[in-house]
Amino acid sequence: MAGPALTIALLLQTADLVDACRQWLPNSRYKPIEVDLGTELDLASVLEAHQDDVDAVVVEQQLLNEPQRKQLLNQGLLFPAVVVGETKGTVDYHPEELHLPDDQLEQLSYNIDAAISRFLRQGRADGRSDEADRSTEAVWKLSSRLQERLGYLGVFYKRDPSRFLSSLPKEERQELLQSLQRTYRDLLISYFRDPAAANQALESFVNTAFFSDLPITRTVEIHVDLIDGFWKQLRLEGHKNDFLQDYRLALLDVMAHLCEMYRRSIPPDIPITDTASVRAQSTPQAIDSTEVSS
């Protein structure tokens, strides 16, 4: 997607995470900046100093304790956010945040776009754009700045074809697919045991699938491969495996969320003829199934 680089503040305490995040943020699209957190790790003071410069944040989960979170909320220091850490089903920063475990950062850029889209869409839905509400003035200013730079429709309707799965170099494509497999595995493991955590994994998977134009057939293959692996493991260990068929509900859930994202990706004011043309140009391309191990 052509456009100005987005400034991403890396609020990370772990050096390895900083390097990993930089690796998966293309310079043509993002401008990651490392923020000195100081010895007191005062996120509110740090973000307040960069409030007019930052478009989104990537923040390490362990930095977001309850006092930090309350201070950020009270001062209106809310940004589109990807929280790096466990998918525990809890809200660490604000309700529109997205979560990525540190072994799935290959999906970081796609989830930043999703976080910005979600932030802007939710801001319009809950009235944050009301200038009379002084407590949300900072959020309104950020939303307005992002809309001015990205266009009113933001990133949601402007997926970048150069970052589609079919356009990536073979090695990068393979790494992204393997990362998606790890996310889907987290989703399956938590699906019945911890629905809130499963929902965070589901969001990560669906966001990356949408913004990377992952073919639906590939999503089904990831599901089938993982279930087949679970089935074989349970059989070897002498356990029953009949219940695995219930996990078809997880696949249906993913499909439903993807359908909703594609439905929303068609701006309501675009003529039908133009919409048909856009659809024809963005038809997903199948990927050779040999490019990623199951």
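Since we're looking at a predicted model, the values are computed, not measured.

Caption draft 1: Examining helix H9 (residues 248-264) more closely. Relative to the 24 Å expected for 17 residues at 1.5 Å per residue, H9 spans 25 Å between its end C-alpha atoms, a close match to the ideal helical length. For H9, the full list of buried residues reads Ala 250, Leu 251, Val 254, Met 255, Leu 258 and Met 261. Each buried residue of H9 lies within a common arc of 135° when the element is viewed along its axis, so the set occupies one face. Exposed positions of H9 whose direction lies more than 90 degrees from the buried face are Arg 248, Leu 252, Cys 259 and Arg 263. For H9, the elements touching its buried residues are helix H6 (170-190), helix H7 (195-211) and helix H8 (216-236).

Caption draft 2: A look at the side chain of Arg 159. Take Arg 159: it is sitting in the loop between helix H5 (137-150) and H6. By relative accessible area, which is 17% here, Arg 159 ends up buried. Polar contacts involving the side chain of Arg 159 include one to the main-chain carbonyl oxygen of Phe 210, which spans 2.6 Å. Here Asp 213 takes part through its side chain, which lies 3.2 Å from a polar atom of the side chain of Arg 159.

Caption draft 3: Representation of unusual backbone geometry within the structure. Look at Asp 213: it is not a glycine, yet its phi comes out positive at around 60°. Note on placement: Asp 213 falls in the loop between H7 and H8. In this structure Asp 213 comes out as buried when scored by relative accessible area, which is 5%.

Definitions and cut-offs
Residues numbered from 1 in each chain as written. Predicted model: local features only at pLDDT ≥ 70, side-chain atom pairs only at ≥ 80, totals over all residues. Heavy atoms only, no water. Helix = DSSP H or I, 4+ residues; strand = E, 2+ residues; numbered from the N terminus. Expected span 1.5 Å × (residues − 1). Buried < 20%, exposed > 50% of the residue type's maximum accessible area, 1.4 Å probe, protein only. Arc of directions from axis to C-beta. Contact = heavy atoms within 4.5 Å. Polar contact = N/O pair within 3.5 Å; in protein donor to acceptor, adjacent residues only side chain to side chain.

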